[in-house]
Every structure is written in C-alpha cells, then in structure tokens.
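Here is how the chains run, residue by residue.
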Amino acid sequence: MDTAIFDKDCRACPRLATFLDTVNDRYPDYYCRPVPPFGDMDARFLIVGLAPGMHGANRTGRPFTGDHAGILLYTMLHKFGFSSNPESISTDDGLKLTGCRITNAVKCLPPDNKPVGAEINGCNSYLANELASLPTDSIVLALGGIAHRAIIKALGRRQVEFKFAHQALHDLGAFRLLDSYHCSRYNTNTRRLTTAMFESVFAQARALLDS
Ligand code: SF4
C-alpha cells in the first residue's frame, strides 16, 4: 500500500499538470510543481488549506507563502507559538514551524483557485496518508469547506454527519477536526473572517492541544 504523503513529480491530474506547464512558461522563475507540506513532521497540529495560490505557494514552493492568504495565517501561528517568524516570505527565509505543519487538500495550483471534484479526489490519497500519520490527540484545522470535506472523505466518513461550520469541532476518533473560514483575501476583505475570529480559532486550537 502506498503511504506517500506527497510526490513532487506527480502529474496525475492532467488539467493541473498542463496548467502548471503553461504557468511555468509564463513565469519561468516560479516553483510550478506540487507544493509539499511544510513544518514539523511530528506535529500534533495539522492545518489543511485548499490549494496553492498562483503568486503565493505556486511561486515560492511553500504553502501560504508570498501572497495575501498567508499574512493572517503566519501572524496567528507566530502569536500562538507555532512559528519562529510572523511573516513567511520564501523557502530560504529561515522560518521554522514548531508543533505545527501546513498542507493543502490539493497540492497543485488550480485555474481560478478552483480544483474540480476529480482533482480533489485524485489528491485525496496523499491527504489520507498524511492524516493517518498524525500522532494521537492531534488537532486538524480545516481552512474552508472544501478542505473540511476532503478530510472527511479521506477518512471514509459520511459528509452528512460532519457538516462544515466556522469554529465547529468534530470528533473523528483518530483526531479532532476544527473548522475555520479560509483566510483568503476575499474572506478577510469582506470580513467574513475577521482577525478576531481567526484569533479565536487559534486560541481554541492552542487550548485543545495543551489540555
Ligand atoms: S493535485 Fe495532487 S494528485 Fe493532482 S497532480 Fe497535483 S499532486 Fe498529483
């Protein structure tokens, strides 16, 4: 059985592989490959985003790095003691995560930030393996409904029994799943997710991990 949590050479999704080639032609300096999980491989706290952003993770090769979506995330990671630095700039900026790792439900940049169902499903075995590798008493933070549903699917559980809701906590047996609205530019600009709301999510995660 394949237990890989990531393959930097994966091209299993034809649309995404072709799109990455096109983007790489246009931006030769960009990373333009599947983006690996980043952080502490023994962590009990796993954050699951949706997919790399064009000028963020797809450019730099580190999740939530180089665009707006990472600003609030790394600010909170630093505030709650998970990150050595409040700002993630590039893969050689020296930033270290402690007790925390960040991954994406879909490892490759999708057009318009929207992976199709087949791509979410295609990448799901990597996520399933990563979830299966977590230590006991772990907390998984899903950023947005798509990440939440990818996690439920990876466990083979019924979606109807575990509905996404901001700051909902689900006991999945192997770990507990905490939900948050995604920290995207759209959600923060429209104040669907405020700094105070995101801080409350991290305070809850920190308390759960420390209890
Ligand atoms: S999204 Fe996942 S499964 Fe699809 S090509 Fe990228 S790494 Fe492979």
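Our structure's up above, just so we're on the same page.
Residues numbered from 1 in each chain as written. Predicted model: local features only at pLDDT ≥ 70, side-chain atom pairs only at ≥ 80, totals over all residues. Heavy atoms only, no water.

A. Quick peek at the site of the ligand. Around the ligand sit Cys10, Arg11, Ala12, Cys13, Leu16, Pro34, Val106, Lys107, Cys108, Gly122, Cys123 and Tyr126, and that is every residue in its neighbourhood. Partitioned by chemical class, the residues of the shell around the ligand number 9 nonpolar, 1 polar and 2 charged. (Near = heavy atom within 4 Å. Nonpolar A, V, L, I, M, F, W, Y, C, P; charged D, E, K, R; others polar.)

B. Broad picture of the sheet that holds strand β6 (residues 175-180). Read across the open sheet, the 6 strands follow the order β1-β3-β2-β4-β6-β5; overall the sheet is mixed. On the outer flanks of this sheet lie β1 (38-39) and β5 (169-171), each paired with one strand and no other. (Pairing = 2+ DSSP bridges. Helix = DSSP H or I, 4+ residues; strand = E, 2+ residues; numbered from the N terminus.)

C. Representation of the packing of helix α3 (residues 69-79) against helix α8 (residues 195-210). Close contact between α3 and α8 brings their axes to 10 Å; oriented N to C, the two are set at 45°. By the criterion of interaxial angle, the relationship of α3 to α8 is oblique. You can see that α3 and α8 cross each other, and the crossing is right-handed. Residue-level contacts link Leu72, Leu73, Met76, Leu77 and Lys79 of α3 to Thr195, Phe198, Glu199 and Phe202 of α8. (Axes fitted to C-alpha atoms, helices over the stretch in contact; angles between N-to-C directions. Parallel < 35°, antiparallel > 145°, perpendicular 65-115°, else oblique. Left-handed = near helix turned anticlockwise from the far one by under 90°. Contact = heavy atoms within 4.5 Å.)

D. Structural context of the pairing of β6. Most of β6 is tucked away: 5 of the 6 residues are buried. Relative to β6, strand β4 (residues 138-143) is paired through 6 bridges, and the arrangement is parallel. In the sheet register, alanine 142 faces β6, and the bridge partner there is aspartate 179. The pairing of β5 with β6 spans 3 bridges and is antiparallel. Pairing of histidine 170 across the sheet is with leucine 177, part of β6. Linkage of β5 to β6, two consecutive antiparallel strands, is achieved through a turn of 3 residues, within which glycine 173 is found at a positive phi near 80°. (Buried < 20%, exposed > 50% of the residue type's maximum accessible area, 1.4 Å probe, protein only.)

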